[in-house]
Amino acid sequence: MNKSKLFLMLAMALLSLTVFVSCTVVLGEPSDTNPEASTGTGEVGTATGTTEAETKEAATEMPRHDYFEAEVAPDVTLDKSVYSAMTFKLSSDLLITDEQVQDYLQYLIFQEREATNGDTQVKDQPLKMGDTAYIYYRGTVDGEEFEGGSNMSDKTPYGLGLGSGSFIPGFESGLVGVIPNQTSKDNPAEVKVTFPENYNDKLGGKDAIFYVVVEYAVQYTLPEYNREFVETKLDYTSEKTHVTEKSFLNEFEEFLKTYLEEQNSGNVDAAKTDALWSYLTEKAVCVNLPQMELDYYKTSYTNELTSAYDYYKTSYGDSFTAKYPDIAAFAAYYMGFEAGVNWEEEINKRAELMVKKDMIVHAIAEWEGIETVTEEELEKEIQYWIDYYASSYYQVTKEDILENIGEKYLRESAFAVKMYDYLIANCTFEYTE
């Protein structure tokens, strides 16, 4: 998702994916085996499992405040110096490091491994990168075992490819050199690792020790990392003339770094958006919030949440309700609320924040004389949604988009894109050490 669309979804939360086909489309539909495969972003969108007719009716019943046509400008106080030159600090964790490039390169090499001696179970040879180690493990932090950190009670060991990147950094390389028959539950190998900072609230950044029993290994041979491997197996061709193989491989690794940065761009854009709006909503004074707009967001969030809960409950039955016995428990997961909070109050707070964002961008646009949407900008927005649906194998036309979303909402959407670009151009982002 590009930065403008990220802003649209996170900052403006306009009406989003409407159903244009005869079948029912479920937003964030989980896989057959995992009801938590949903993205659960809490963005305002079409209610889960809603039909086309129901969506149109809902859109009709939930009018929004029309900032373009309103006679009174948004009641916002914000000094121009606040938004004309903004500087923000972003976490250096958002940067792609050379270590991450090497980890990804190791993964690519791992994918091309070949079995050394079939599926023979080897117990008396040291583990090496590329092998699959069949292991039991028990993780501890500060000497205490943590939830989900052990498979010691399983009937069969876990098959871990060393170099696959399946486990946290340091775990797989920490098993290199371990000889399976020299480990046991009484004499496990110790692997010391540190959980990534963004792993989760409980374990992020924590040092851990895993006690590992290796039952056996199936050996694999990794291909040699050289120019021939990159060109033939990874299908990479350089447009430059390289005198040395090292020069060629350096270029390839720069290519990998650029690729990883592109894959990570959504996280970077999200961090920029969060920083921007946290700052502006803190600095701006917004009064007389349009009640129609507040009601719109409250209803949108509530409809999405309740529809999603009903869908999952119907689809997954007891396995779902055992984990989420009521909508309050589900709201914490789906909307990202803290466990135990009053979800209705949290939705009200979120709705108020969204209205303030709408007011701020329209106020700034009016002050700067840019509160307009050209036909070219509108056409670009319509084409975005046509392409979006095409990526999900739904063929829709311009007329479909206009009929189901509506020109007013599309103009507001195009306006959000325009204002994001305007505001972000006034921002400088620096990374912490």
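Residues numbered from 1 in each chain as written. Predicted model: local features only at pLDDT ≥ 70, side-chain atom pairs only at ≥ 80, totals over all residues. Heavy atoms only, no water.

### Regarding the overall build of the protein chain
Argument step 1. The number of helices and strands found in the protein chain is 14 helices and 11 strands.
Argument step 2. Here the contacts in the protein chain between residues at least 6 apart in sequence split such that 76% fall between residues at least 24 apart.
Argument step 3. Surface exposure of the protein chain reaches about 23200 Å², of which carbon and sulfur atoms provide 46%. (Helix = DSSP H or I, 4+ residues; strand = E, 2+ residues; numbered from the N terminus. Contact = heavy atoms within 4.5 Å. Areas by Shrake-Rupley, 256 points an atom, 1.4 Å probe, with all protein chains shown as cover.)

### What about the pattern of salt bridges?
Argument step 1. Counting across every chain of the model gives 13 salt bridges.
Argument step 2. The partner of K349 in a salt bridge is E346, and the shortest N-O contact between them spans 3.4 Å. Remark: E346 and K349 occur in helix α11 (residues 343–368); sequence separation between them is 3 residues, near one turn of the helix.
Argument step 3. Overall, K349 belongs to the exposed group, its relative accessible area being 52%. (Salt bridge = Lys/Arg side-chain N within 4 Å of Asp/Glu carboxyl O. Buried < 20%, exposed > 50% of the residue type's maximum accessible area, 1.4 Å probe, protein only.)

### Considering the confidence of the model for the protein chain
Argument step 1. Mean pLDDT over the protein chain: 86, with 86% of residues reaching 70 or higher.
Argument step 2. Mean pLDDT across the elements of the protein chain ranges from a minimum in helix α1 (residues 3–12), with 35, to a maximum in strand β9 (residues 220–221), with 98.
Argument step 3. Low pLDDT, under 50, characterises residues 1–60; the stretch is placed with 152 contacts to residues that sit more than four places away or in other chains. (pLDDT = per-residue confidence, 0-100.)

### A short note on the nonpolar core
Argument step 1. Within the largest apolar cluster, 66 residues are counted, with the highest numbers of intra-cluster contacts made by L78, L280, L305, F330, I360 and I401.
Argument step 2. Apart from the residues within four sequence positions on either side, L305 is in contact with I327, F330, A331, Y334, M335, W343 and I347.
Argument step 3. Among the nonpolar cores identified, the runner-up in size contains 23 residues, and F167, L175, A189 and V214 belong to it. (Core = buried A, V, L, I, M, F, W, Y, C linked by side-chain atoms within 4.5 Å.)

### A closer look at α11
Argument step 1. Over its 26 residues, α11 extends 38 Å from the first C-alpha to the last, a length consistent with the 38 Å expected when each residue adds 1.5 Å.
Argument step 2. The N-terminus of α11 is capped by N342, whose side-chain oxygen sits 3.0 Å from the backbone nitrogen of E344.
Argument step 3. Positive backbone phi, approximately 70°, marks G369, located one or two places after α11. (Expected span 1.5 Å × (residues − 1). Polar contact = N/O pair within 3.5 Å; in protein donor to acceptor, adjacent residues only side chain to side chain.)

### Comments concerning the packing of aromatic side chains
Argument step 1. For the coordinates displayed, the defined rule picks out 37 aromatic pairs.
Argument step 2. Plain terms: the ring middles of F171 and F210 are 5.1 Å apart, the flat faces sit at 90° to each other, and that makes the pair edge-to-face. Residue F171 is located in helix α5 (residues 171–174), and its partner F210 is located in strand β8 (residues 207–218); the two are separated by 39 residues in the primary sequence. Residue F171 shares its accessibility class with F210, and that shared class is buried.
Argument step 3. Aromatic ring contacts, followed pair by pair, group Y137, F146, Y158, F167, F171, F195, Y199 and F210 into a single cluster.
Argument step 4. One residue, K185, lies across the ring of Y136, its end atom 5.8 Å from the ring centre.
Argument step 5. In this arrangement the basic side chain of K408 is found over the ring face of Y409, its NZ or CZ atom lying 5.4 Å from the centre. (Phe/Tyr/Trp six-rings, centres within 6.5 Å; stacked < 30°, edge-to-face > 60°. Lys NZ or Arg CZ within 6 Å of the ring centre and 35° of its normal.)

### Some words on helix α12 (residues 375–391)
Argument step 1. For α12, built from 17 residues, the straight-helix expectation of 24 Å at 1.5 Å per residue is met to within 8% by its first-to-last C-alpha distance of 24 Å.
Argument step 2. Taken together, the buried positions of α12 are occupied by L378, E381, I382, Y384, W385, I386 and Y389.
Argument step 3. Of the residues one or two after α12, Y393 is the one with positive phi, at around 70°.

### Regarding unusual backbone geometry
Argument step 1. Even without being a glycine, D235 presents a positive backbone phi close to 55°.
Argument step 2. For Y393, which is not a glycine, the phi torsion comes out positive at approximately 70°.
Argument step 3. Relative to the helices and strands, Y393 is located in the loop between α12 and α13 (398–404).

### Focus on the packing of helix α9 (residues 291–323) against α11
Argument step 1. Look at α9 against α11: their axes get within 8 Å of each other, and the N-to-C directions meet at 135°. Regarding the angle of α9 to α11, the classification is oblique. For the element pair α9 and α11, the recorded crossing hand is right-handed. Contacts from E293, L294, Y297, K298, Y301, T302 and L305 of α9 reach α11 at W343, I347, N348, R350, A351, E352, M354, V355 and D358.
Argument step 2. Looking at the contact of α9 with α11 residue by residue, the classes come out as 9 nonpolar, 2 polar and 5 charged. (Axes fitted to C-alpha atoms, helices over the stretch in contact; angles between N-to-C directions. Parallel < 35°, antiparallel > 145°, perpendicular 65-115°, else oblique. Left-handed = near helix turned anticlockwise from the far one by under 90°. Nonpolar A, V, L, I, M, F, W, Y, C, P; charged D, E, K, R; others polar.)

### Regarding the environment of D154
Argument step 1. Relative to the assigned elements, D154 resides in the loop between β5 (144–150) and β6 (158–161).
Argument step 2. Taking the relative accessible area as the measure of exposure, D154 reaches 41% and is therefore partly exposed.
Argument step 3. In the structure, D154 is positioned 18 residues away from Y136 in sequence and 8.1 Å away in space, judged by C-alpha atoms.

### Description of the packing of helix α8 (residues 265–283) against helix α14 (residues 407–425)
Argument step 1. For the pair α8 and α14, the least separation of the axes is 12 Å and the interaxial angle reads 80°. If you check the angle between α8 and α14, you find them roughly perpendicular. On the side of α8, the interface is formed by D269, K272, T273, L276, W277 and L280, while α14 contributes Y420, L423 and I424.

### Digging into the environment of E352
Argument step 1. Here E352 lies in helix α11.
Argument step 2. Residues E352 and P290, spaced 62 residues apart in sequence, show a C-alpha to C-alpha distance of 9.8 Å.

### Considerations on the side chain of N264
Argument step 1. Inspection of the secondary structure puts N264 in the loop between α7 (245–263) and α8.
Argument step 2. Residue N264 is classed as buried on the basis of its relative accessible area of 14%.
Argument step 3. In this structure, N264 is in contact with L94 and I96, ignoring residues within four places of it in sequence.

### What to know about the pairing of β8
Argument step 1. In terms of burial, β8 is a largely internal element, 9 of the 12 residues being buried.
Argument step 2. Across 9 bridges, the pairing between strand β4 (residues 132–141) and β8 is antiparallel. Note on β8: the bridge partner recorded for T140 is I209.
Argument step 3. Note that strand β7 (residues 189–194) and β8 share 6 bridges and pair antiparallel. Following the sheet pairing, T194 is matched in β8 by D207. (Pairing = 2+ DSSP bridges.)

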